[in-house]
Amino acid sequence: NQNQTSSSGPLILHSAGLTLDAKLSPRVTFQTDATGSVGSPDYTALPLVLGTVQGALPPIANLASGTAGARVKFQTTRRWELDLAGTVFHWQFLNAPDSTSTVAGQTSSAGQTLVTGQTFVTVQPGALFTLTPRDGVGLDASIGEASYSNGVEFLVVTPAVTWRRHVSPLDRLRLSLGVTYARSLATPPGAMTPFGSSGSTAAPIGSLDLTSQLFRREGITVLSNLTGGVDLYVDPILGIALPRGEAGAGLTAIAIPLWTITLRGDFATALKDPPLQAAVVGQPPPIPLDETAFSVSLSGRRRVSENMFLEVGGLWADRGPVLSTPDFSFHQRQLWVHVSLTVTTRPIPRLAQSQK
């Protein structure tokens, strides 16, 4: 990995996860999961830690993070299914850099200190109505509260309507439309809220997810996946809230019963130019914030036994400023290699294994 502080070298992040599924009754299912990690941050995954398409990346530091979640599904009638999920996510730097240090020659546009920790709690109620054996309409909502070590707190509410269609037993289409409403709950003294003078903002969102079977013969199946959408992300460090567009495509080859190989590419960029930072006398001009990112990954999963899988993969990613920047170019190349082992307490159907 090469980061904006001009230092380079390998970054190592250790992670572990646990998932429990249970069928409490013929109509009620329950799932809970927990994950944790310790080590150097993966800059490709930093949007999950510091905010989507984070612009000002911190100097390399060790961090610890953990996520715990639970989901209950109720099949109330033949056509109606109710869903309730909750998640708690927290991360914390273990050796936080000096809060007065700058990142890539920049200070925060909001005058905020470096964020060294975050807690995010979200609740997601939902309902799905089956129109036909192939079609279903869902009403979903996500209600979340985020708090950061620099004193920023905000509430995010996202109601959405979703249409799901089984084009065939292995072809699935999912369309979602909604709106995201965000409101500031707390702002440090002297810092500006990312939602302007009103203290709140709202923006339409939407997404598409299409999975199709391209080829199937003699135990080999090739699946494609296309995704795209628009959402709203909040950057607590820079004090901005911007709409973001993202798109992705992937191919998965399944050789039953042993191998699954996946090739995927993803791209995301801000759809609106971020506010310009004022130049500081005696300092170099501010470097444009990174608001564009892409990645290409290749991974192979081998079935060791009915309850165990070994996965090896790699990822190539790069970052750059917003696309409208003069002389736009990517400048932060990242190369990653990962090895993971998954163990389950019960055999998983082969198709489910390939799509997990």
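To be clear, the structure that these remarks concern was listed above.
Okay, so let's go over this structure. Since the structure is predicted, the reported quantities are computational estimates derived from the model, not experimental observations.

**Let's talk about the nonpolar core**
Within the largest apolar cluster, 13 residues are counted, with the highest numbers of intra-cluster contacts made by W91, Y148, F154 and F195. Going through the elements one at a time, β4 (80–93), β6 (135–148) and β7 (153–168) are the ones with two or more residues in this core. Residue contributions to this core peak at 3 residues, all from β4. Apart from residues lying up to four places away in sequence, F154 is in contact with G144, E145, A146, Y148, R183, S184, L185, F195 and V234.

**Examining the pattern of salt bridges**
A full pass over the atoms with the stated rule returns 6 salt bridges. R244 is the partner of D231 in a salt bridge, and the nearest nitrogen-oxygen pair spans 2.6 Å. Highlighted residues: D231 in strand β10 (residues 220–235) and R244 in strand β11 (residues 240–255), separated in sequence by 13 residues. For D231, a relative accessible area of 21% translates into the label partly exposed. Close ionic contact of E311 with R301 constitutes a salt bridge, the shortest N to O distance being 3.0 Å. Within this pair, whereas E311 is found in strand β14 (residues 308–321), its partner R301 is found in strand β13 (residues 290–305), the two being separated by 10 residues in sequence. Classification of E311 by relative accessible area gives buried; the value is 15%. Since its relative accessible area comes to 17%, R301 is described here as buried. Residues participating in the shared-partner salt-bridge network are D231, R244 and E246.

**As for the packing of aromatic side chains**
Counted by the stated rule, this structure contains 6 aromatic pairs. On the numbers, 5.0 Å between centres and 75° between planes, the contact of F294 with F330 is edge-to-face. Of this pair, F294 sits in strand β13 while F330 sits in the loop between β14 and β15 (334–343), and the two are 36 residues apart along the sequence. Each ring, one from F328 and one from F330, has its centre 5.1 Å from the other, and the planes form 80°; the classification is edge-to-face. Given a relative accessible area of 31%, F330 falls into the partly exposed group. Chaining the aromatic ring pairs together yields one cluster made of F294, W316, F328 and F330. Lying across the ring of F309, R301 places its NZ or CZ 5.9 Å from the centre.

**Things to note about the side chain of S200**
Relative to the helices and strands, S200 resides in strand β9 (residues 200–217). Residue class for S200 comes out buried when judged on its relative accessible area of 19%. For S200, the residues in contact, after removing those within four places along its chain, are Y181, A182, R183 and F195.

**Describing the side chain of D83**
Note on placement: D83 falls in strand β4. Excluding residues that lie within four positions of it along the chain, D83 makes contacts with R71, V72, K73, Q124, P125 and G126.

**Observations concerning the environment of L84**
Turning to its location among the elements, L84 is positioned in strand β4. For L84 and F30, which are 54 residues apart along the polypeptide, the C-alpha to C-alpha distance reads 9.9 Å. Those residues within four positions of L84 in sequence are excluded, and the remaining contacts are A70, R71, V72, V123, Q124 and P125.

**Section: the pairing of β7**
Each regular strand carries side chains that alternate between the two faces of the sheet. Note: β6 against β7, 13 bridges, orientation antiparallel. When the sheet's bridge partners are listed, L139 is paired in β7 with V161. Counting the residues that bridge the hairpin from β6 to β7 gives 4 residues, and of these G151 lies at a positive phi of roughly 95°. Across 13 bridges, β7 lies against strand β8 (residues 171–186) in antiparallel orientation.

**Quick word on the environment of G136**
Topologically, G136 is positioned in strand β6. We classify G136 as buried; its relative accessible area is 7%. Along the primary structure G136 and H166 are separated by 30 residues, whereas in three dimensions their C-alpha atoms are 9.0 Å apart. Not counting chain neighbours up to four residues away, the residues in contact with G136 comprise L128, F129, T130, L131, T162, W163 and R164.

**Things to note about unusual backbone geometry**
Most peptide bonds adopt trans geometry, and most residues besides glycine take a negative phi value. The backbone of E218 sits at a positive phi, close to 50°, despite the residue not being glycine. Along the chain, the position of E218 falls in the loop between β9 and β10. For D327, which is not glycine, the phi torsion reads 55° and is therefore positive. Checked against the element boundaries, D327 lands in the loop between β14 and β15.

**Some details on the environment of L214**
Looking at the element boundaries, L214 is found in strand β9. A sequence separation of 37 residues divides L214 from L251, and the C-alpha atoms of the two residues are 9.3 Å apart. Not counting chain neighbours up to four residues away, the residues in contact with L214 comprise V222, S224 and L251.

The rules behind each value
- Residues numbered from 1 in each chain as written.
- Predicted model: local features only at pLDDT ≥ 70, side-chain atom pairs only at ≥ 80, totals over all residues.
- Heavy atoms only, no water.
- Core = buried A, V, L, I, M, F, W, Y, C linked by side-chain atoms within 4.5 Å.
- Buried < 20%, exposed > 50% of the residue type's maximum accessible area, 1.4 Å probe, protein only.
- Helix = DSSP H or I, 4+ residues; strand = E, 2+ residues; numbered from the N terminus.
- Contact = heavy atoms within 4.5 Å.
- Salt bridge = Lys/Arg side-chain N within 4 Å of Asp/Glu carboxyl O.
- Phe/Tyr/Trp six-rings, centres within 6.5 Å; stacked < 30°, edge-to-face > 60°.
- Lys NZ or Arg CZ within 6 Å of the ring centre and 35° of its normal.
- Pairing = 2+ DSSP bridges.

Function-wise, these values are silent; they only describe arrangement.
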